[in-house]
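Survey of secondary and tertiary structure
Residue-level listing of the chains:
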Amino acid sequence: MSESSAVAKAAVEAAGGWRRATGIAGAAIGVVAAGAAAGVAIERMTVGRGIRRKARLALDSAGPYGALRGTPGRALADDGTELYYEVDDIDPDAAADLGPRRRRLFGRKAPAPVTVVFSHGYCLGQDSWHFQRAALRGVVRTVHWDQRSHGRSGRSVAQTRDGVPLDIDQLGRDLKAVIDAAAPEGPIVLVGHSMGGMTMMAFAAQYPELVRERVVATAFVGTSSGRLGEVNFGLPVAGVNAVRRVLPGVLKALGQRAELVERGRRATADLFAGIIKRYSFAGRDIDPAVARFAERMIESTPIDVVAEFYPAFTDHDKTEALALFQDMPVLVLAGVQDLVTPSEHSEAIADLLPDAELVLVPDAGHLVILEHPELVTDRLADLLVRAGAVPAGTTVGRYGSTSSTAHPG
């Protein structure tokens, strides 16, 4: 049986029988597990299950990733959902050193500081920006927030209480609520990865005047302005068609039996880890602690949240909103081997923003922000200089590497 046929068969079985579904629940999360199962099967023949479990626990206890914390705050979305954010302010000593240059850049003695607002992707959290946050800490004011139903933010009220289908426009309104609470004045730089970039587009479509008045630069990382329903996730045509046909219904049904499915996810942790690695990273030498960090973020997203958000991506189309970013510095960056939001989608964004800097990273997957943090931070730092957020020549902090031989920064 081919991999695509196996995936389709597993999805159909999941829709029809819940006790059988527990065995494939981990595979139903995210997009699909083509290619991952084979690698996991080989690993199981050479490494005992108990050893793998101990390794995961060791990485969880020793890994420093996601440990950075700032000043906490909460914004209230228009439906009453609590949105959690943290602010990292400028280091006073660094600000004193940058004072004269900052006055020239903004044209007045005491300008409101530029605030860089980071929006994370689907099934992740604000901690996914760990490396970039560490590098920029103290240099520029930053806001990191958790999207509704993710991380430390509250469960989506409109969905859980009223049964309103989630759409990307709602996330755009959430971003507005966070900005109102955490950065009510001064220039803003918007940075978004995957769903976070889509959130920025929805924000712009709904609040064009705010974008014109306050947004001074934007960065779109591994994201898309639409046509996500055409993505093949690295599968052959037959497998893609089968998955598109059954996956939305399977996810919805799984979401209605969340407790049962979560037990299945734990039981299939090894397969789940293989799926995450395949759809997150392109390189083979990713630091195991970083891979485990990504796995931990994704597996902490409840299956009903996965199901709740998934249909919104097919409907997402914010191509027209990109015009609002034309008159500012823009960075568009993507991994060439991204199977979730292929780099062609980033190229399409750049085509509509001809003055944008387009960076395509050959050996990177969807989580390029974790796989190649040095490169991402370098291009973000350059964007901040072009926007006047920091003076030219500013040195950002140490941000480490994700290779298996490197020590975390």
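Structure: above.
Residues numbered from 1 in each chain as written. Predicted model: local features only at pLDDT ≥ 70, side-chain atom pairs only at ≥ 80, totals over all residues. Heavy atoms only, no water.

1. Side note on the overall build of the protein
Rules: Under the scheme used here, helices are H or I runs from DSSP no shorter than 4 residues and strands are E runs no shorter than 2 residues, and both carry numbers assigned from the N terminus. Only protein chains enter the accessibility calculation, which uses a 1.4 Å probe; a residue whose area is less than 20% of its type maximum is buried, one above 50% is exposed, and one in between is partly exposed. Any pair of residues with heavy atoms lying within 4.5 Å of one another is described as a contacting pair. Per-residue and other accessible areas follow the Shrake-Rupley method at a 1.4 Å probe size, with only the shown protein chains counted as cover for residues.
Within the protein, the regular secondary structure consists of 18 helices and 8 strands. Here the protein, with 409 residues, has 56% of them falling under the buried criterion. Restricting the contact set of the protein to residue pairs at least 6 apart, pairs at least 24 apart contribute 81%. For the protein, the accessible surface area stands at approximately 17,200 Å², while carbon and sulfur atoms represent 53% of it.

2. Concerning a nonpolar patch on the surface
Heads up, the condition is: Residues with no salt bridge and a relative accessible area higher than 30% make up the patches, which join like charges within 9 Å and nonpolar side chains (Val, Leu, Ile, Met, Phe, Trp, Tyr) within 5 Å. Here, a salt bridge means any side-chain nitrogen of Lys or Arg that lies within 4 Å of a carboxyl oxygen of Asp or Glu.
Where nonpolar side chains cluster on the molecular surface, the patch consists of Val 336, Leu 358 and Leu 360 and spans about 200 Å² of accessible area. Its place among the elements puts Leu 358 in strand S8 (residues 357–361).

3. Remarks on the environment of Leu 83
Examined against the element boundaries, Leu 83 turns out to sit in strand S2 (residues 82–88). The class for Leu 83 is buried, based on a relative accessible area of 0%. Sequence-wise, Leu 83 and Val 178 are 95 residues apart; in three dimensions their C-alpha atoms are separated by 7.3 Å. If we ignore the near neighbours within four places in the chain, the residues touching Leu 83 are Gly 73, Arg 74, Ala 75, Ala 77, Trp 145, Asp 146, Arg 148, Ser 153, Asp 174, Ala 177 and Val 178.

4. A short note on the environment of Leu 175
As for its placement among the helices and strands, Leu 175 is situated in helix H8 (residues 168–182). On the basis of relative accessible area, Leu 175 is assigned to the buried category, the value being 0%. Each C-alpha atom of the pair Leu 175 and Ala 202 lies 9.2 Å from the other, and the pair is 27 residues apart in sequence. Beyond its immediate stretch of four places on either side in the chain, Leu 175 contacts Val 117, Ser 119, Trp 145, Leu 190, Thr 199, Met 200 and Phe 203.

5. Re the pairing of strand S3 (residues 115–119)
Under the convention used in this document: Pairs of strands are assigned from DSSP output, requiring at least two bridges between the strands. Handedness rule for crossovers: strands pointing away from the viewer, path from the first strand over the helix to the second running clockwise, crossover right-handed.
Across the 5 residues of S3, 5 count as buried, placing the element largely inside the fold. By the alternation rule, side chains of S3 split into Thr 115, Val 117 and Ser 119 and Val 116 and Phe 118, which are all buried. Taken together, the 5 bridges between S3 and strand S4 (residues 141–145) define a ladder with parallel strand orientation. When the sheet's bridge partners are listed, Ser 119 is paired in S4 with Trp 145. In the classification by handedness, the crossover that spans S3, the intervening helix H6 (residues 130–136) and the parallel S4 is right-handed. Sheet topology places S3 next to strand S5 (residues 188–193); 5 bridges connect them, and they run parallel. The residue bridging Val 116 from the neighbouring strand is Val 189, located in S5.

6. Some thoughts on the packing of aromatic side chains
Each pair of aromatic rings is reported with the distance of its centres and the angle of its planes. Put simply, the rule reads: Two rings belonging to Phe, Tyr or Trp (six-membered ring only in the last case) form a pair when the distance between their centres is within 6.5 Å. Interplanar angles under 30 degrees mark stacking, angles over 60 mark edge-to-face geometry, and anything in between is tilted.
Summed over the entire model, instances satisfying the criterion amount to 7 aromatic pairs. The interplanar angle of 45° and the centroid separation of 5.3 Å between the aromatic rings of Tyr 65 and Phe 131 together place this pair among those described as tilted. Of this pair, Tyr 65 sits in the loop between helix H4 (49–62) and strand S1 (71–76) while Phe 131 sits in helix H6; the two residues are 66 residues apart in sequence, bridging distant segments of the chain. The residues Tyr 65 and Phe 131 share a single accessibility class, namely buried. Through a chain of ring-to-ring contacts, the aromatic side chains of Tyr 65, Phe 131 and Phe 293 assemble into a single cluster.

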